[in-house]
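Now for the letters of each chain:
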Amino acid sequence: MAEGVTDATVRVGRTPTPRRELPPLVGVAALLAPTGLFAWWALAEGAYFDGAFYPGAALLALLAAVLLWAAPWPASLRRSRPVAVTLAALVALAAWTALSAFWSPVPDVAIRDAQRVLAYALAFGCGLWACVLLGRLRELALASLAFAAGIAGVVTALRLLAADGPLGLLELDGTLEFPLGYRNATAAFFLLALWPALALATSPRTHRTLRAGAVGIAALCVAMGLLTQSRGAVLATACALVAFFALVPRRRAAAGWLVLAALAAAPVTFFASDLYRTVNDGLGPTAVRDAMRTAGAAALAAAAVGALLALAALRWAPAAPLEGEVPRWSGSRRLGAAAAVVAAAAVLLVAAVGSPASWIGERLDEFRAGGQPDLSAQSTRFSLSASSNRSDLWRVALDAARANPLRGDGAGGFEERYLRERRHVAQYAQDAHNVWLELLAELGIPAVLLLGAAVVGAAWALARARPRGPATATLVAGAAGAGAYWLLHASLDWFWTYPGVTAPVFLIVGAAAAPSLVARTTKPGAGERRARLALGAACALFVVTLAPPYLADQYMRRALADPAANPERAYEDVKRAAELDPLSSEPELAEARIAQRLGDRQRALDAFRSVLRERPDEPVALYNLALLLASRDRGTALEMLDRLRLVDPLSPEVEAARARIRAGRPSSDRGQVRTGEDEPRTGARKHAGASGAAGNGAGRKSVPSDRKSQQRKSRRARRDAPRAEGGRARG
């Protein structure tokens, strides 16, 4: 097998190939853009919504175009099979996702999801190139995610310190949801960054100030993970721990830095529990505010203590050799150590739960039964309960796969199917909460095979890269820890469409795969120049495809912000949005909303009917059209509700509306905007306008206040109202 890029030089077989090297600072500059991008995406709800995703994806494409134009490329991608497999699989998955627009019930969603997958491929490619440019400083490629998490963590702690209340920062149970807007996504982002930060701290070639800062970031990430109290994060962290320590070359140093970071963050456990209890016991807004501020201060203190202790240790402790401070263990010794760890874990498990078989059986029964566990009486959200509604989500996903194993329901189709087939009245979901089952349900077996090929190709590339030297092994360990975390947590949650969580993983895995590249033996020729031009044109074309939906999103935001101030401009804005995004029904829904708010009954009727001509099963249009027609055409109104009943059989709002219409007590025939408990909660695809003023139906991922967030706000308002009067309420 031809050699790849080593820590010292570039070789192929026996003959080194001279090449022009740019200063490592060029590689550092190439990392600054992703660092800022990932920090911004994290603070913009993980770029889940279009307003943050599209500009960020365009930045990635422009970065790739600049690298194609100006940066040297010393490798032969054709001979670097693992990397080529990963890139080809991601591009093919994006193409298959886009193709599903032909059979998806929401074709605009299929195009948007395809653009996300292409952004992940771009992130992988940018990571490859940045690592090549960094040369001997390749460990710094891990800094893009680690520093982004550090920035986001400091901002989060400061927001907690300055908070007047929990809105926008905490979930209903007092766990941290900021900055990504969802507890598990926030936990994932910070705990993904833990492993690159530890790898940077472990590298003896990195300046001690940077290493100490990395330990501080690691402590901050642990603190933020504790504040989220994500149960899935515990399993994912355990998986990442095994992967990281299996690959990191200086295990004793890595273990020491991890212990130091954990000790620095340990006091946050108490403050996270205090915040959780304060919220769930209904102790009032003042107590909640004080608990939030204390938790924010504790998180900042954890980062500062971790960094200062690490700096002191690096300043006064003797330097460790490059290859590690302890001799390598033999295979039998490693096997014995692993057996001892497994035996100790088994003893602890038996001591804690009794019979492991009975305990596992009970947990499986809890999982199959479904339903969310009530943990509000506990001191923390962490528990051994396996109760979850994921069993119902996974059942529906498997049913979809059995119904159409080759192509699935189309990207975005799971939400429609789950609305029809769910068994829990209060459960609404857009995704299957498992990346593999989601792809299987929406895109069939080909999508699962393509993602599997990308994962296998990346793992193959990391395995080939690790022997290149201790610096590369450190880089591989940090990327493998983050990759292992993502793989497990994404198998329990819906991170595939969260660019702020998924794109950083692909970038640092791409960087770690770069040393596996096989260097070329010939000078760049006309073929390479043509390839660069073609890839640059593809990047430019990708940016062009991002512009129309982004502009449509901006027009709808402006239209829905305050249509009463300038109705003509609002209607013109939604018309432009419809022209820019013709596959989406959201502009017509937005037009109907504006007409409702302005009292234009006929225009609202026409807009809802237009939506139903394109999408006969659109729940929001069926429901609102029924209300608009209730006072003048009761029969047609009831027919609309009958159709809606087929789409959402368990909706209590539909039955309530039917009862009112039959009793002759319909809502105002103006059909004013209905939110919260009055309208069918059809999952996260429909979004309210800014500050809840726009109603529902302004884009699947377009306006940052979805149905779930809208419900949270209304529930928080009801929860906090009695507290202001000294009462007690449970969120």
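Residues numbered from 1 in each chain as written. Predicted model: local features only at pLDDT ≥ 70, side-chain atom pairs only at ≥ 80, totals over all residues. Heavy atoms only, no water.

K.L.:
What should I look at first to understand the overall build of the protein chain in this one?
P.N.:
Helix and strand counts for the protein chain stand at 26 helices and zero strands. Here the protein chain holds 731 residues, and the buried ones make up 55% of them. Pairs at least 24 apart in sequence give 76% of the contacts found in the protein chain among residues at least 6 apart. (Helix = DSSP H or I, 4+ residues; strand = E, 2+ residues; numbered from the N terminus. Buried < 20%, exposed > 50% of the residue type's maximum accessible area, 1.4 Å probe, protein only. Contact = heavy atoms within 4.5 Å.)

K.L.:
In this structure, what is going on with the confidence of the model for the protein chain? I would like to understand it.
P.N.:
Low pLDDT marks stretches whose predicted atomic positions should not be read closely. Of the residues in the protein chain, 79% have a pLDDT of 70 or more, and the chain-wide mean is 83. A low-confidence stretch, residues 1–5 stays under pLDDT 50, and its non-local contacts, those more than four residues away or across chains, total 22 contacts. pLDDT under 50 marks residues 668–731. Its contacts with residues more than four places away, or in other chains, come to 192 contacts. (pLDDT = per-residue confidence, 0-100.)

K.L.:
I keep staring at the environment of Leu220 and nothing clicks. Help me out?
P.N.:
Position of Leu220 relative to the elements: it lies in helix 7 (residues 208–228). For the pair formed by Leu220 and Ala302, sequence separation is 82 residues and the distance between their alpha carbons is 6.1 Å. Discounting residues that sit within four places of it in the chain, Leu220 has contacts with Gly150, Gly153, Val154, Ala299 and Ala303.

K.L.:
Just checking my understanding: could you explain the packing of helix 7 against helix 9 (residues 251–265) for this structure?
P.N.:
When two helices pack together, their arrangement is given by the angle between the helix axes and by the axis-to-axis distance. The contact between helix 7 and helix 9 brings their axes to 8 Å, and the two run at 50 degrees. In terms of their interaxial angle, helix 7 and helix 9 are classed as oblique. In this structure, the crossing between helix 7 and helix 9 has a hand that is right-handed. On helix 9, the residues that touch Arg211, Val215, Ala218, Ala219, Val222, Ala223 and Leu226 of helix 7 are Trp257, Leu260, Ala261, Ala264 and Ala265. (Axes fitted to C-alpha atoms, helices over the stretch in contact; angles between N-to-C directions. Parallel < 35°, antiparallel > 145°, perpendicular 65-115°, else oblique. Left-handed = near helix turned anticlockwise from the far one by under 90°.)

K.L.:
Sorry, what's going on with the environment of Trp486 here?
P.N.:
Considering the arrangement of structural elements, one finds Trp486 in helix 17 (residues 470–490). Accessibility expressed as a relative area gives 5% for Trp486, which makes it buried. Expressed as a C-alpha distance, the spacing of Trp486 and Thr237, which sit 249 residues apart in the sequence, is 9.4 Å. Ignoring any residue separated from it by four or fewer positions in sequence, one finds Trp486 in contact with Leu192, Val435, Ser491, Phe495, Trp496, Val501, Thr502 and Val505. Within the structure, Trp486 has its side chain in polar contact with the side chain of Thr502 (distance 3.1 Å). (Polar contact = N/O pair within 3.5 Å; in protein donor to acceptor, adjacent residues only side chain to side chain.)

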